[in-house]
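Read off the chains here:
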Amino acid sequence: MDDHQMFAASLAQALQAEPDLLVVGQGASIAEARDLMASTAPDVVLLDHRLPDGDGVGAIADLHAIRPSAKIVVLTATTSDRLLVAAMEAGAAGFIAKTQRLDDVIDGVRAAAQGESVVSAKLLTRLLPRLRRQSGGGRAELTEREREILDLLARGLSNADIAEQLTISVHTVRNHVANLSAKLGAHSKLEVLSIAVREGLVEGI
């Protein structure tokens, strides 16, 4: 068994041991990931960016086409900005470095399942200015409240933090994020930000 398979097996075992998590499948290639997406309908997918038959980040769009609601978290051996920006633009819900503790990975899976971005506020601040801008384009019509929430998302705040800051319920924040996702055609909160920056909808970036 190579290092990649050993890492995947130990990670699956650790996740399965959690009472609130269920591992529905494990694949070693993009082709297997496609089959598993179709047959098991996962809520969260941990996707290695280096796979025998290609680049995991490049496969995100294909996997979302099979199951649009899945939150795809990219596992990386490298934290190069280029890779992380590509993952954001492809629709990833976040990224976890393979060097992080198992507890951090498990927390990341739970966060993704709840619709949170799996990325630190510090890293987000570094990456957002590196996203590609597009001139013109069809800008989405956002409400004042949606713009407010977008700006707070860009600062790396969680749904709970935003709810507290705006004195509204977490449920209301989730609804606003869902509306933003629908308007921008995004699969995750992180992709909402990626598209919003690209379309010039976020102030100060």
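Basis of the calculations
- Residues numbered from 1 in each chain as written.
- Predicted model: local features only at pLDDT ≥ 70, side-chain atom pairs only at ≥ 80, totals over all residues.
- Heavy atoms only, no water.
- Helix = DSSP H or I, 4+ residues; strand = E, 2+ residues; numbered from the N terminus.
- Rg over C-alpha atoms; globule rule 2.2 N^0.38 Å.
- Buried < 20%, exposed > 50% of the residue type's maximum accessible area, 1.4 Å probe, protein only.
- Areas by Shrake-Rupley, 256 points an atom, 1.4 Å probe, with all protein chains shown as cover.
- Lys, Arg positive; Asp, Glu negative; His and termini not counted.
- Charge placed at Lys NZ, Arg CZ, Asp CG, Glu CD.
- Arc of directions from axis to C-beta.
- Contact = heavy atoms within 4.5 Å.
- Axes fitted to C-alpha atoms, helices over the stretch in contact; angles between N-to-C directions.
- Parallel < 35°, antiparallel > 145°, perpendicular 65-115°, else oblique.
- Nonpolar A, V, L, I, M, F, W, Y, C, P; charged D, E, K, R; others polar.
- pLDDT = per-residue confidence, 0-100.
- Pairing = 2+ DSSP bridges.

The next thing to look at is the overall build of the chain. Helix and strand counts for the chain come out as 10 helices and five strands. Computed over C-alpha atoms, the radius of gyration of the chain comes to 17 Å, within 12% of the 17 Å expected from 2.2 N^0.38 for 205 residues, which places it in the range of a compact globule. When the backbone C-alpha atoms are referred to their principal axes, the chain occupies close to 55 × 35 × 30 Å. Buried residues in the chain amount to 43% of all 205 residues. Accessible area of the chain: about 10300 Å², with a carbon and sulfur share of 50%. A gap of 5 Å separates the mean positions of the 21 positive and 27 negative side-chain charges of the chain.

Every buried residue of helix α3 (residues 56-66) is listed here: Gly56, Val57, Ala59, Ile60, Leu63 and His64. Buried residues of α3, viewed axially, fall in a sector of 150°; they line one side. The exposed set on the far side of α3, more than 90 degrees from its buried face, consists of Gly58, Ala61 and Ala65. Structurally, α3 contributes buried residues whose contacts are with α2 (30-40), β1 (44-48), β2 (50-51), β3 (54-55), β4 (71-76) and α4 (81-90).

For any two helices packed against each other, one specifies the crossing angle of their axes together with the interaxial distance. Where α4 meets helix α10 (residues 189-198), the closest approach of the two axes is 7 Å, and the angle between their N-to-C directions is 95°. Considering the angle they form, α4 stands roughly perpendicular to α10. Every residue of α10 that contacts α4 at Met88, Glu89 and Ala90 is listed here: Leu190, Glu191, Ser194 and Arg198. Along the lines of polarity and charge, the residues of the contact of α4 with α10 split into three nonpolar, one polar and three charged.

Below, the discussion takes up the confidence of the model for the chain. Here the chain averages 90 in pLDDT, while 95% of its residues score no lower than 70. The least confident element of the chain, judged by mean pLDDT, is helix α1 (residues 3-16) at 83; the most confident is helix α8 (residues 159-166) at 95.

In this fold, Asn159 is placed in helix α8. By relative accessible area, Asn159 is classed as buried at 3%.

This part takes up the environment of Ala93. Positionally, Ala93 belongs in the loop between α4 and β5 (94-97). Among the residues examined, Ala93 registers a relative accessible area of 2% and is labelled buried. For the pair Ala93 and His187, spaced 94 residues apart in sequence, the C-alpha separation works out to 7.8 Å.

Strands sit in the order β1-β4-β5 across an open sheet of three strands; the sheet is parallel. The outermost strands of the open sheet, each flanked by one partner alone, are β1 and β5. Put simply, the sheet's adjacent strands are angled 30° from each other on average, direction ignored. Judged from the four bridges that link them, β4 and β5 form a sheet pairing that is parallel. For Leu75, the partnering residue across the bridge sits in β5 and is Ile96.

Once that is clear, we can look at unusual backbone geometry. Even without being a glycine, Ala41 presents a positive backbone phi close to 50°. Here Ala41 lies in the loop between α2 and β1. Under the relative-accessibility criterion, Ala41 is labelled partly exposed at 38%. Phi at Thr167 is positive, roughly 50°, even though this residue is not glycine. Classification of Thr167 as exposed rests on a relative accessible area of 72%.

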